[in-house]
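Now for the letters of each chain:
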Amino acid sequence: MKEYNYEFNSLKIKEVRENQSISQTELAKKVNIQKSNLSNYENLKEIIPLKQLDKICNELKTSLDYILGLSNENIFSLKEINNKIVGERLKSLRKDNKLYQETLAKEIGTSKSLICEYEKGIKLISLPYLYTICKKYKISADYLLGKVDEPKYLK
């Protein structure tokens, strides 16, 4: 199986799951995925789709920022991810940093057309790109994804 090269070196899914005494089998069943997929996600052998990660975070009552290792605070929200809000906040972040779509695309290793689709809410941003943006611009993933309303800047 291919091992993906994330910029981050771990997700805290396993740590949080084990701290709550939930087995992989239990969590996988609750979020409607195969146990093998959950294991691969926990071990960074597969890219976890963002909507799936959100389901896992909701089940574990844990913030995306905490699971991604972006924050030691665990401010949990059950709000749904909304592509339009994600697009608006991504566009606002880009403009606040005086970046063109091409520049942001180059910085995170994707295309201008994909940035455009993200900003229009056509597609949901993928986890590796989200993480890279959050780290580079020190912004909360929970905020960019519309899970919390107040912008939170990371240290």
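Note that the coordinates shown come from a computational prediction; the quantities given were computed from them, not determined experimentally.

Chemist: For this particular structure, what's the right way to read the confidence of the model for the protein chain?
Modeler: Detailed conclusions should not be drawn from predicted coordinates in areas where pLDDT is low. Looking at the protein chain as a whole, the pLDDT averages 90, with 94% of positions reaching at least 70. Contacts for the low-pLDDT stretch residues 1–6, under 50 throughout, to residues beyond four places or in other chains number 14 contacts.

Chemist: Please explain the packing of aromatic side chains as it appears in this structure.
Modeler: The geometry of an aromatic ring pair is captured by two quantities: the separation of the ring centres and the angle between the planes. What the rule picks out here adds up to 0 aromatic pairs. Sitting over the face of the ring of Tyr 66, Lys 12 holds its NZ or CZ atom 4.4 Å from the ring centroid. Sitting above the plane of the Tyr 137 ring, Lys 136 keeps its charged end 5.9 Å from the centroid.

Chemist: Help me understand the nonpolar core, please; the structure alone is not making it clear to me.
Modeler: Nonpolar side chains tend toward joint burial in soluble globular proteins. In terms of nonpolar packing, the biggest core is built from 47 residues, with Ile 13, Leu 53, Ile 125, Leu 130 and Ile 133 touching the most fellow members. Here this core takes 6 residues from helix 9 (residues 127–137), the largest share from any one element. When neighbours within four sequence positions are excluded, Ile 133 is seen to be in contact with Leu 90, Leu 93, Leu 104, Ile 108, Ile 125, Lys 138, Ile 139 and Leu 144.

Chemist: When you look at the pattern of salt bridges in this model, what are you seeing that I'm missing?
Modeler: Where charged atoms from two side chains of opposite charge come close, those side chains can pair. Tallied over the entire structure, the rule returns 8 salt bridges. Here Lys 147 and Asp 54 are joined by a salt bridge, their closest N and O atoms 2.8 Å apart. Of this pair, Lys 147 sits in the segment after helix 10 (141–144) while Asp 54 sits in helix 4 (residues 50–60), and the two are 93 residues apart along the sequence. Exposure class is identical for Lys 147 and Asp 54. Each is buried. The partner of Lys 112 in a salt bridge is Glu 102, with the nearest N and O atoms 3.8 Å apart. Here Lys 112, found in helix 8 (residues 112–119), pairs with Glu 102, found in helix 7 (residues 101–108); they are 10 residues apart in sequence, far enough to count as distant. A network of salt bridges, in which partner residues are shared, links Lys 79, Arg 89 and Asp 149.

Scoring rules and cut-offs
- Residues numbered from 1 in each chain as written.
- Predicted model: local features only at pLDDT ≥ 70, side-chain atom pairs only at ≥ 80, totals over all residues.
- Heavy atoms only, no water.
- pLDDT = per-residue confidence, 0-100.
- Contact = heavy atoms within 4.5 Å.
- Phe/Tyr/Trp six-rings, centres within 6.5 Å; stacked < 30°, edge-to-face > 60°.
- Lys NZ or Arg CZ within 6 Å of the ring centre and 35° of its normal.
- Core = buried A, V, L, I, M, F, W, Y, C linked by side-chain atoms within 4.5 Å.
- Buried < 20%, exposed > 50% of the residue type's maximum accessible area, 1.4 Å probe, protein only.
- Helix = DSSP H or I, 4+ residues; strand = E, 2+ residues; numbered from the N terminus.
- Salt bridge = Lys/Arg side-chain N within 4 Å of Asp/Glu carboxyl O.

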